[in-house]
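The primary structure of each chain is shown beneath.
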Amino acid sequence: MNYYAGWLFLVVASLLVSIAAFIWGLRSGQFADQDRARYLPLSKDLLDEPLVAAGSRKRKTNAAVLLLIVLMALAAFAAALLMSIKDHQIG
Amino acid sequence: MQLLKVETNGTAKLFLLGSALWFVLGTLEGLVCATHMVAPDLLGGISWLVFGRIRPMHTTTMIFGFVGSALLGCACYIMQEVLRTPLWSERLGKVSLWVWNLSIALGLITLDLGYSQGREYAEWIWPADIGILLAFALIFVNCLQTAINRREKIMYVSSWYIFAALIYTWLIYFFGNAVWNPATGAIFGMPDAILAWFYGHGIVGLFLTPLAVAIAYFVVPRVARAPLHSHTLSLIGFWTILIIYTHIGTHHLLQTPVPTWLKVLAVTGSIAMIIPVMTVLGNLWLTMRGRLGFFHQDIGGRFVMAGLLWYILTCLQGPIQALPVVQKVTHLNNWVIAHSHMGVFGFAGTIALGGLYYILPRITGKPIYSIRLADVQYWLLLLGMSGFFAVLTAGGLVQGNSWLNGETVYRTVPMVHVYFIVRAAVGLLFVGGALIGAYNIVRTVRGDQAPAEERMRLQVYGETP
Ligand code: HEM
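Conventions adopted
- Residues numbered from 1 in each chain as written.
- Chains lettered and ligands numbered in written order.
- Predicted model: local features only at pLDDT ≥ 70, side-chain atom pairs only at ≥ 80, totals over all residues.
- Heavy atoms only, no water.
- Helix = DSSP H or I, 4+ residues; strand = E, 2+ residues; numbered from the N terminus.
- Rg over C-alpha atoms; globule rule 2.2 N^0.38 Å.
- Buried < 20%, exposed > 50% of the residue type's maximum accessible area, 1.4 Å probe, protein only.
- Contact = heavy atoms within 4.5 Å.
- Areas by Shrake-Rupley, 256 points an atom, 1.4 Å probe, with all protein chains shown as cover.
- Lys, Arg positive; Asp, Glu negative; His and termini not counted.
- Charge placed at Lys NZ, Arg CZ, Asp CG, Glu CD.
- Buried area = accessible area lost by both parts, 1.4 Å probe.
- Salt bridge = Lys/Arg side-chain N within 4 Å of Asp/Glu carboxyl O.
- Polar contact = N/O pair within 3.5 Å; in protein donor to acceptor, adjacent residues only side chain to side chain.
- Nonpolar A, V, L, I, M, F, W, Y, C, P; charged D, E, K, R; others polar.
- Near = heavy atom within 4 Å.
- Axes fitted to C-alpha atoms, helices over the stretch in contact; angles between N-to-C directions.
- Parallel < 35°, antiparallel > 145°, perpendicular 65-115°, else oblique.
- Left-handed = near helix turned anticlockwise from the far one by under 90°.
- Expected span 1.5 Å × (residues − 1).
- Bend = angle between axes of the 7 residues up to and from the residue.
- Donors = N, O, S within 2.8 Å, 3.2 Å for Na, K, Ca; no water.
- Patch = residues over 30% accessible without salt bridge, like charges linked within 9 Å, V, L, I, M, F, W, Y side chains within 5 Å.
- Core = buried A, V, L, I, M, F, W, Y, C linked by side-chain atoms within 4.5 Å.

S.K.: Quick question: what am I supposed to make of the overall build of chain B here?
M.R.: Looking only at helices and strands, chain B features 16 helices and zero strands. By the compact-globule yardstick of 23 Å for 465 residues, chain B fits well, its C-alpha radius of gyration being 22 Å. Taking all 465 residues of chain B together, the buried fraction comes to 63%. Put simply, of all contacts in chain B between residues at least 6 apart along the chain, 83% involve residues at least 24 apart. Carbon and sulfur atoms form 69% of the exposed surface of chain B, whose accessible area is close to 16,300 Å².

Structure follows, in structure tokens:
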């Protein structure tokens, strides 16, 4: 028991902090007006800022590059999975 | 005193500036490491340039200096915005800023002189650890007082994440660095490995992740000019990440004699991480949907969008590589280094830069010095990150496959040499990106404007917006 004392203390301390914060949130009405909370990042000064959307070429280039990244990553994950499954079957 | 000058958002501004400068140092250290991999003898035996010293300098500069500083700077700003209350004490903020930066400098200099505590991301010596803990405590007090005095009753999800990051990081830093053992910063045996990896895992999962998510939750609705899709969902994500992320650090130690129950907890928890991650990404996606054009246009929004994409990929890869059967191929090779860069830089670093570019002009009241330079930086870093992921993953799979087939480690080294060469070359993109970013950010903080862009702005808006 003593062996894992430091680690256990850390996990228990973390849990206690979470529970305390949750109870405080519940009691102080933090989870009540959730619809208004959605608007909190927005502020009046945004109304004075110009709202500009990118042109279609810029959008397409960005989106295509991001899509390529996703495909590359998915291929990598599939490769690792296949290699490990193959090895597992042989093993 | 000038160093502690009280000015609105001065703390946030200097944290962001510091981040840009640490980024340059961090990429240069990375390049030295990459050079060692290609040509181990090239730099001779210069003690302060050996791999064993520069490698931990690189990781800690990036985590704490670059990404950490930018996240903390953004957090100081966001806290005030969402709570509709100025920071409780800008002077205390400046004190924490200097303690933070001096501790990082101390940790790095002593590492370079050969003083290391030898545990990953916890290498810094005791005085630097105490400085970091003190900085976190001071920032926490400042944010707490700001929250106590807040004018907005409801705490927006970003502020929950910021508080969680400050409290949890303090706890894991304290325990993970075993600060009650100043000489070693460690305990002993297997429990030390477990503690060390709860720390290593916590640093990315409970320091970088919540702060980066807090920024995304702030920037995304603003760039989209739309309310968050669901605040309730965001809180579900918040509480589930706290419950799951805090105890899965053992997935770094699946190949060691850790008790099985801890491994089971780690693997199942890693898979369950899909829940909080998907709530964040689903919620933000539904907020952005139909408004992506604004994100492609706004440089801050664009960095955040790319960061979120890396977040999905990192957290898709994470549960896969937490499976013991997959780790037989991926553990202890360059595959993990690809994941590390994708998480720390691709996700947290890119969102931190997005927050920086979004927030800095709002602090200085002037536009970014040059949007074009920021754009060049974006592409260099996106290309660099993709290149890194590709080359490290491929190299990792070659290593993993060879080991599975019984090759000895030394025979696999020539096989991956070409990958190391490409990796060093791709690293140059990062160095370039960091240098351009630092120049742009220093000029922005000084309030300068690139002449060509100022002329263009005048033509479009009639005045500098
Ligand atoms: C669903 C979320 C995630 C899961 C389940 C996960 C899982 C894992 C696992 C299993 C490893 C160990 C791989 C091995 O040694 O074989 C690992 C390593 C690592 N992860 Fe993650 N990860 C997640 C998200 C993240 C994020 C968001 C970041 C960064 C912000 C990150 C940064 C790292 C780093 C730096 C390492 C390398 C640690 C080392 O030096 O060995 N991870 N991750």
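Alright, that's what it looks like, and here's the rest.
S.K.: Is there a simple way to think about the overall build of chain A in this case?
M.R.: Of regular secondary structure, chain A possesses three helices and zero strands. The N-to-C order of helical and strand elements in chain A reads α-α-α. Here the C-alpha radius of gyration of chain A, 25 Å, is well above what a compact globule of 91 residues would show, namely 12 Å. Counting only C-alpha atoms and orienting by the principal axes, one finds that chain A spans roughly 60 × 55 × 20 Å. Across the 91 residues that make up chain A, the buried fraction comes to 33%. Side chains of chain A carry 9 positive and 6 negative charges; the gap between the two charge centres is 8 Å.

S.K.: Explain the interface of chain A and chain B to me, please; I cannot follow it from the model alone.
M.R.: How large an interface is tends to be reported as the accessible area lost when its parts come together. Contacts between the two partners involve 57 residues from chain A and, on the opposite side, 72 residues from chain B. Here chain A and chain B share an interface that buries about 6,000 Å² over both sides, 72% of which is from carbon and sulfur atoms. A per-residue breakdown of the area chain A buries against chain B is headed by Trp7(A), Leu40(A) and Phe77(A), which together make up 12% of the total. The tally of links between chain A and chain B comes to four salt bridges. Measuring nitrogen to oxygen at the nearest pair gives 3.3 Å for the salt bridge that ties Arg222(B) to Asp45(A). Connecting chain A to chain B are 19 residue pairs in polar contact (both at pLDDT 80 or more). Secondary-structure elements contributing two or more residues to the side of chain A that touches chain B are helix H1 (5–27), helix H2 (34–37) and helix H3 (56–90) of chain A. Class assignment of the residues belonging to the side of chain A that touches chain B gives a composition of 37 nonpolar, twelve polar and eight charged.

S.K.: Sorry if this is basic, but what is going on with the site of the ligand here?
M.R.: Residues and elements named next belong to chain B. Near the ligand, the surroundings consist of 24 residues, among which Glu-120, Tyr-121, His-331, His-339 and Ser-340 are the closest. Contacts to the ligand include Tyr-121, whose side-chain N or O atom sits 3.0 Å from an oxygen atom. Gln-327 is positioned such that a nitrogen or oxygen atom in its side chain is 3.4 Å from an oxygen atom of the ligand. Ranked by residues supplied to the shell around the ligand, first place goes to helix H13 (residues 334–364) with six residues.

S.K.: Could you clarify how one ought to interpret the packing of helix H6 (residues 189–224) of chain B against helix H9 (residues 274–288) of chain B in this entry?
M.R.: Between two packed helices, the angle of one axis relative to the other and the distance separating the axes together describe the packing. Residues and elements named next belong to chain B. At a minimum axis distance of 9 Å, the contact between H6 and H9 shows a crossing angle of 15°. In terms of their interaxial angle, H6 and H9 are classed as roughly parallel. Note that H6 runs across H9; the crossing there is left-handed. Mapping the contact onto sequence places Val-213, Ala-216, Tyr-217, Val-220, Pro-221 and Ala-224 in H6 and Thr-279, Val-280, Asn-283, Leu-284, Thr-287 and Met-288 in H9. Residue classes in the contact of H6 with H9 are distributed as nine nonpolar, three polar and no charged.

S.K.: Help me understand unusual backbone geometry in this model?
M.R.: Glycine aside, residues mostly have negative phi, and peptide bonds are mostly found in the trans state. Residue and element names in this part refer to chain B. Located in the positive-phi region is Arg-84, a residue other than glycine, with phi close to 55°. Secondary-structure assignment places Arg-84 in the loop between helix H2 (51–83) and helix H3 (90–112). The backbone phi angle of Ala-178 is positive, close to 40°, even though this residue is not glycine. By secondary structure assignment, the location of Ala-178 is in the loop between helix H5 (157–176) and H6. With relative accessibility at 0%, the residue Ala-178 sits in the buried group.

S.K.: Teacher, can you tell me more about H6(B) here?
M.R.: Residue and element names in this part refer to chain B. In this model H6 runs 51 Å from its N-terminal to its C-terminal C-alpha over 36 residues, within 8% of the 52 Å that 1.5 Å per residue would give. Its maximal kink placed at Gly-202, H6 deviates by approximately 40°. Of all 36 residues that make up H6, 33 are buried, and the element is covered over most of its length. Of the residues flanking the end of H6, it is Arg-225, one or two places downstream, whose phi is positive at about 55°.

S.K.: Honestly, the coordination of the iron atom of the ligand in this entry has me stumped. Any pointers?
M.R.: Where a metal carries four tetrahedral donors, each ideal angle is 109.5 degrees; where it carries six octahedral donors, the ideal angles are 90 or 180 degrees. Within the protein, just one atom coordinates the iron atom of the ligand: His339(B) (NE2), at a distance of 2.2 Å. Mapping His339(B) onto the fold places it in helix H13.

S.K.: I tried to follow the side chain of Asn334(B) on my own but got confused; where do I start?
M.R.: Residue and element names in this part refer to chain B. Within the secondary structure, Asn-334 sits in helix H13. Judged by relative accessible area, which is 8%, Asn-334 ranks as buried. Engagement of the side chain of Asn-334 in a polar contact is seen with the side chain of Gln-399, the distance being 2.9 Å. Beyond its immediate sequence surroundings of up to four residues, Asn-334 is in contact with Leu-392, Gly-395, Gly-396, Gln-399, Phe-420 and Arg-423.

S.K.: In this structure, what is going on with a nonpolar patch on the surface? I would like to understand it.
M.R.: Residue and element names in this part refer to chain A. On the surface, a nonpolar cluster with roughly 440 Å² of combined accessible area is contributed by Val-12, Leu-15, Leu-16, Ile-19 and Ile-23. Tracing the sequence through the fold places Val-12 in helix H1. According to the relative accessible area criterion, Val-12 is partly exposed, its value standing at 43%.

S.K.: How do you make sense of the nonpolar core when you look at a structure like this?
M.R.: If you look at soluble globular proteins, the nonpolar side chains tend to sit buried side by side. One finds Phe64(B), Leu72(B), Trp100(B), Trp124(B), Tyr161(B), Tyr217(B) and Tyr311(B) to be the most contacted residues of the largest nonpolar core, which totals 169 residues. Sequence-distant contacts of Trp124(B), defined by excluding residues within four places in its chain, comprise Thr60(B), Phe64(B), Ile104(B), Gly107(B), Leu108(B), Leu111(B), Gln117(B), Asp129(B), Ile132(B) and Tyr173(B).

S.K.: So what exactly am I meant to see when it comes to the pattern of salt bridges here?
M.R.: Close approach of charged atoms allows side chains with opposite charge to pair. All names here are of chain B. All chains considered together, the criterion is met by 14 salt bridges over all chains. For Glu-7, the salt bridge goes to Lys-13, with nearest N and O atoms at 3.5 Å. Assessed through its relative accessible area of 16%, Lys-13 is described here as buried. Here Arg-302 and Asp-375 are joined by a salt bridge, their closest N and O atoms 2.4 Å apart.

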